Amino acid sequence: MSANAADTVSRRIVDVTADCGISLVASLPDGWITSLITHYNRDARFRHIAVNRERSAIGLCSGAFFSGLGTFALMGASGFLTCIYAITKINYTYQIPLLIGITLRGRPGDRAKFHQSNGLYLESVIRAIDIPFVPIENADDIPRIGTAYDHSRTMSRPVVVGLTREVLRGEA
């Protein structure tokens, strides 16, 4: 992986999210999205807030919707799995749109053994609660982030964007 390639991808993702109207990003650290978080933190178009729990990102971004802000909750796959109750209680009950970006940990090629359960259950959990899921598996898919954001606003519900390791490293 070249730092330059990851940096280029991060800039593209940041630009797409800015272009669709997102101005607040709440994130939790994940090794795969370090470059992306750094770009949001340094970009004057965004207010980036580092949170200590994934459901805090859900609550913060959901509440900010009522002030007219476009938001993006960014986290790892395992953290997303801890947010199912918050999403179904807050966003489904009150019809609050939210774009959620997650890492697609546990897929073939992820050599972190402790993330393999994510690969087994993540997408089936997403389907079980009927959240539209948009995988970003190569660089050409990055504009789909804006489409996912618009879809979330149209249907007044969350949409999940899943980022692969290859995309985040600039390899796909």
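First, a word on what this report is: a plain description of the structure on this page.

So, on to the pairing of strand E2 (residues 47-50). Where strand E1 (residues 22-27) lies against E2, four bridges are found, and the strand directions are parallel. By the bridge assignment, Val25 is partnered in E2 with His48. What joins E1 to E2 is helix H2 (residues 34-42), and the crossover it makes is right-handed.

On to the environment of Ser10, then. Turning to its location among the elements, Ser10 is positioned in helix H1 (residues 3-19). Setting aside chain neighbours within four positions, we find Ser10 in contact with Ser35, Leu36 and His39.

Attention now goes to the sheet that holds strand E3 (residues 70-75). One open sheet accounts for six strands, arranged E2-E1-E3-E4-E6-E5; its pairing is parallel. Strands with a single pairing partner mark the edges of an open sheet, and in this sheet they are E2 and strand E5 (133-136). For this sheet, the mean angle separating the axes of adjacent strands, direction not counted, is 20°. Across four bridges, E3 lies against strand E4 (residues 98-103) in parallel orientation. Across the sheet, the residue bridging to Leu74 is Gly101, located in E4. Of the strands in this sheet, E1, E2, E3 and strand E6 (158-163) are in contact with H2, which crosses E3 at around 150°.

For the structure on display, the rule yields six salt bridges. Residue Arg45 is joined to Asp15 by a salt bridge in which the shortest nitrogen-to-oxygen separation is 2.7 Å. Of this pair, Arg45 sits in the loop between H2 and E2 while Asp15 sits in helix H1, and the two are 30 residues apart along the sequence. With a shortest N-O distance of 2.7 Å, Arg45 and Asp43 are connected by a salt bridge. Judged by relative accessible area, which is 40%, Arg45 ranks as partly exposed.

Moving on, we come to the nonpolar core. If you look at the biggest cluster of nonpolar residues, it comprises 29 residues, and the most contacted ones within it are Ile13, Leu36, Tyr40, Leu74, Ile142, Ile145 and Leu163. Elements represented by at least two residues in this core include exactly H1, E1, H2, E3, E5, helix H7 (144-155), E6 and helix H8 (165-168). The element best represented in this core is H1, accounting for five residues. Apart from the residues within four sequence positions on either side, Leu74 is in contact with Val25, Ala26, Ser27, Leu28, Ile33, Leu36, Ile37, Tyr40, Gly101 and Leu163. Ala26, Ile84, Leu98 and Leu122 belong to the second-largest nonpolar core, a separate cluster that totals 25 residues.

Parameters and conventions
Residues numbered from 1 in each chain as written. Predicted model: local features only at pLDDT ≥ 70, side-chain atom pairs only at ≥ 80, totals over all residues. Heavy atoms only, no water. Pairing = 2+ DSSP bridges. Helix = DSSP H or I, 4+ residues; strand = E, 2+ residues; numbered from the N terminus. Right-handed = clockwise from strand over helix to strand, strands pointing away. Contact = heavy atoms within 4.5 Å. Axes fitted to C-alpha atoms, helices over the stretch in contact; angles between N-to-C directions. Salt bridge = Lys/Arg side-chain N within 4 Å of Asp/Glu carboxyl O. Buried < 20%, exposed > 50% of the residue type's maximum accessible area, 1.4 Å probe, protein only. Core = buried A, V, L, I, M, F, W, Y, C linked by side-chain atoms within 4.5 Å.

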